[in-house]
Amino acid sequence: MKFKGIVVLEFNRKVPDDLIKELPKIIDYLNSKLLTKGVRDLKEAGRVIDYQASENKIEFTLETGRHVRIHNAALRIKNYFINNISPKYKIGVRNLIIRNALIELEGKYTVSLKLPFIKSIEAKDDKTIILLQDISESEIKKPYIDRLLKLLQEKEARAKWGGKAEHWELIKQSQVKFPKPKFDKDPNKILEEIGWIKRFSIGQWFFTPPFTYLINMLKHFFIEEVVKPLGFHEAIFPKMYPLEVGLRTGHLKGTINSMIFASFPISYDISVYEELIDYMYVTDTAPPEELQKYVKPPTHFLCYAQCEPFYQFFSREVLDDKNLPVKMYDHSGPSFRWEAGGLHGVERVIEFHRVEVVWLGKPEQVVDIRNKLLERYEYLMDKVLDLEWRWAWVTPWYYEQAGIVEEKREKDINKPGTIDFEAWLPYKGPREDKKAWLEIGNISIHGTKFTSPFKIKHNKGIILWTGCSGFGSERWTIAFLAQHGFDPRNWPRKPREYVESNPIPEPIRAVTYPKTETGKKLLEEIMNYFKSLKK
Ligand code: SER
Ligand code: ZN
């Protein structure tokens, strides 16, 4: 990123000849000291390459790098004149303007012409040149320019790093428990065949009582063995968020392409909708294009990361030592992600369920809670569910979901970052195949990623951190079934005892349901396995 432009200083009277004579010396000083101050790489500093004095103005033509950017250079020059030149020549600085400023970026980018200050954009060779309108001193001081430059810098960084594979580094894994898999079928297919789940709409399923029972079993173990022993309490978080929340978390910038938005009706008066209602009555169709005329622009989005309301709740609140740490979990409703393509069974869907665990505290508390959760997670995966699992240190979800580019990642897991939990799906192939592993959850330390934009404060000014962990209910259930199968007699002790003391509900049977004869037969077989375990 390079800048060029003319910094114009306007004075309250004609520039005296003596000052004009001194200009080469002043410019020497600017170039060797003032505009290089604090800069390691001189390419990133500022430099006056030409100047001109006429009437009551001095115009400096500048070239600058990304460290002393043109507007920073302009302010440095102005302050230098006020403090050093004005007293000597009895001349006041009346105005500061940046004219014909241009920003040169490596690579080709599209930037909206609607952004403040942008006059035009040109692509030249492998560069993008952005011409700016004249910028006044009050505008130089506004955060818009810095944000515009930050945006451009991020675009450059994304182009440079964005194409690289995401970070993934194994940190721990279970033993090989099933040298020969106990089960090798796709549980999604069996569940559909025996009618425990039924496709509802794209990426959405209806879970009948027996599958709901299984999901609840997995959630039960997670909540009882991991979450509650560590003192987390259940809360009910909203599942539809105002756009403002997505601006603070960064989701609107990073995942706008996979969020589902909600629109309110234009009126509460039903007579307003008469024409549309009549149309639907006569045609027996519900035309989305017509409906669109009767709803307001979207003002909300549906639950995406599930912990967002927690940060919003504490936004602008001040906590003190005795209030900390705060620990909550929520499993009151679904999350939504519009996953274009690649939908598979209940593993990859648009509407999914999860237990979201969130905590807030001082950095050492947040790290400690994360570590205690990890211990309990390991106990759950190994001892209770007897799964083949592995953990990886990955690109943090809160970076990914905010579109932030991370240039490098150190392997110090007691710092902000995300650990993904994965389980082996034997039906998808051998353990060596990356595609045979399913991400079933994650756990993160966010650092100040949320406490800072949501302004969550400590009364003594101590920095607060947050952490969260998502337990993907469908995915844990699929992973469990994929490794242990549908015969609870072959399950580990605790799940088997769960089935013994909580009888599975009767499945839905109809003349036409399950759909196939094989499905009907398999259903009875599986029901018999479950019933044979009844106490
Ligand atoms: N909020 C985290 C995520 O979206 C954990 O569930 O991945
Ligand atoms: Zn979260």
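What you see is a predicted model; the values in this text were computed from it and never measured. (Residues numbered from 1 in each chain as written. Chains lettered and ligands numbered in written order. Predicted model: local features only at pLDDT ≥ 70, side-chain atom pairs only at ≥ 80, totals over all residues. Heavy atoms only, no water.)

Asker: What should I look at first to understand the overall build of the chain in this one?
Answerer: Secondary structure summary: the chain contains 16 helices and 23 strands in total. Structurally, the chain occupies a C-alpha span of about 105 × 65 × 50 Å along its principal axes. The burial tally for the chain puts 48% of its 535 residues in the buried class. Counting only contacts in the chain whose residues sit at least 6 apart along the sequence, the fraction spanning at least 24 positions is 73%. The averaged location of the 73 negative side-chain charges in the chain is 4 Å from the averaged location of its 84 positive side-chain charges. (Helix = DSSP H or I, 4+ residues; strand = E, 2+ residues; numbered from the N terminus. Buried < 20%, exposed > 50% of the residue type's maximum accessible area, 1.4 Å probe, protein only. Contact = heavy atoms within 4.5 Å. Lys, Arg positive; Asp, Glu negative; His and termini not counted. Charge placed at Lys NZ, Arg CZ, Asp CG, Glu CD.)

Asker: For this particular structure, what's the right way to read the coordination of the zinc ion (ligand 2)?
Answerer: Octahedral six-donor coordination of a metal ideally yields angles of 90 or 180 degrees, compared with 109.5 degrees for tetrahedral four-donor coordination. Looking at the zinc ion (ligand 2), one finds its protein donor set to be Cys-307 (SG), Glu-356 (OE) and Cys-468 (SG), positioned 1.9 to 2.3 Å from the metal centre. Taken together, the four donor atoms coordinating the zinc ion (ligand 2) span angles of 101 to 121 degrees at the metal, a pattern that classifies the geometry as tetrahedral. (Donors = N, O, S within 2.8 Å, 3.2 Å for Na, K, Ca; no water. Tetrahedral: all angles 85-135°; square planar, octahedral: opposite > 155°, others 65-115°.)

Asker: What exactly am I supposed to notice about the pattern of salt bridges here?
Answerer: Pairing is possible between side chains of opposite charge, provided their charged atoms come close. In this structure the tally under the stated criterion is 39 salt bridges. Measuring nitrogen to oxygen at the nearest pair gives 2.8 Å for the salt bridge that ties Lys-172 to Glu-378. One end of the pair, Lys-172, is in strand S8 (residues 168-173); the other, Glu-378, is in helix H12 (residues 363-384), and 206 residues separate them in sequence. Owing to a relative accessible area of 37%, Lys-172 belongs among the partly exposed residues under this scheme. A residue is classified by how much of its surface remains accessible, and Glu-378, at 22% relative accessible area, is partly exposed. Lys-177 is paired through a salt bridge with Asp-382; the nearest N and O atoms lie 2.5 Å apart. With a gap of 205 residues between them, Lys-177 in the loop between S8 and helix H5 (187-193) and Asp-382 in helix H12 connect regions that are remote in the sequence. Here the salt bridges do not stand alone but share partners, grouping Glu-506, Arg-509, Glu-524 and Lys-531 into one network. (Salt bridge = Lys/Arg side-chain N within 4 Å of Asp/Glu carboxyl O.)

Asker: Is there a simple way to explain the nonpolar core in this structure?
Answerer: For soluble globular proteins, the rule of thumb is that nonpolar side chains tend to be buried together. Within the largest apolar cluster, 69 residues are counted, with the highest numbers of intra-cluster contacts made by Trp-196, Phe-211, Phe-222, Tyr-377 and Trp-476. Here this core takes eleven residues from helix H6 (residues 209-227), the largest share from any one element. Those residues in contact with Trp-476, other than ones at most four positions away along the chain, are Leu-218, Tyr-377, Leu-380, Met-381, Leu-385, Leu-387, Ile-440, Gly-441 and Phe-471. Counting residues in each nonpolar core, the second largest holds 47 residues, with Phe-3, Val-15, Ile-130 and Ile-145 among its members. (Core = buried A, V, L, I, M, F, W, Y, C linked by side-chain atoms within 4.5 Å.)

Asker: For this particular structure, what's the right way to read the site of ligand 1?
Answerer: The local shell around ligand 1 consists of Ala-305, Cys-307, Arg-337, Arg-354, Glu-356, Trp-397, Gln-401, Asn-442, Cys-468 and Gly-470. At 3.3 Å from an oxygen atom of ligand 1 is found a side-chain nitrogen or oxygen belonging to Gln-401. Between Asn-442 and ligand 1, the recorded distance is 3.0 Å, taken from a side-chain N or O atom to an oxygen atom. Burial of ligand 1 by the protein amounts to 96% of the accessible area it has alone, namely 230 Å². Within the residue set of the shell around ligand 1, elements represented by two or more residues are strand S18 (351-361) and strand S23 (465-472). Broken down by class, the residue content of the shell around ligand 1 amounts to four nonpolar, three polar and three charged. (Near = heavy atom within 4 Å. Polar contact = N/O pair within 3.5 Å; in protein donor to acceptor, adjacent residues only side chain to side chain. Areas by Shrake-Rupley, 256 points an atom, 1.4 Å probe, with all protein chains shown as cover. Nonpolar A, V, L, I, M, F, W, Y, C, P; charged D, E, K, R; others polar.)

Asker: Help me out: how do you make sense of the packing of aromatic side chains in this one?
Answerer: What describes a pair of aromatic rings is the distance from one ring centre to the other and the angle between the planes of the rings. Tallying each qualifying case throughout the model produces 32 aromatic pairs. A centroid spacing of 5.3 Å and a plane angle of 35 degrees characterise the contact between Phe-222 and Tyr-377, whose relative ring orientation is tilted. Here the residue Phe-222 occupies a position in helix H6, and Tyr-377 occupies one in helix H12, the gap between them amounting to 155 residues. In terms of burial, Phe-222 and Tyr-377 fall into one category: buried. Between Phe-232 and Trp-359, the aromatic rings sit 6.1 Å apart at their centres with planes inclined by 80 degrees, giving edge-to-face as the arrangement. One end of the pair, Phe-232, is in the loop between H6 and strand S11 (233-234); the other, Trp-359, is in strand S18, and 127 residues separate them in sequence. Residue Phe-232 shares its accessibility class with Trp-359, and that shared class is buried. Taken together, the ring pairs in this structure connect Phe-237, Phe-310, Tyr-311, Phe-313, Phe-314, Trp-397, Tyr-398, Tyr-399, Phe-450 and Phe-454 into an aromatic cluster. Against the face of Tyr-304 rests Arg-337, its NZ or CZ located 4.4 Å from the ring centre. (Phe/Tyr/Trp six-rings, centres within 6.5 Å; stacked < 30°, edge-to-face > 60°. Lys NZ or Arg CZ within 6 Å of the ring centre and 35° of its normal.)

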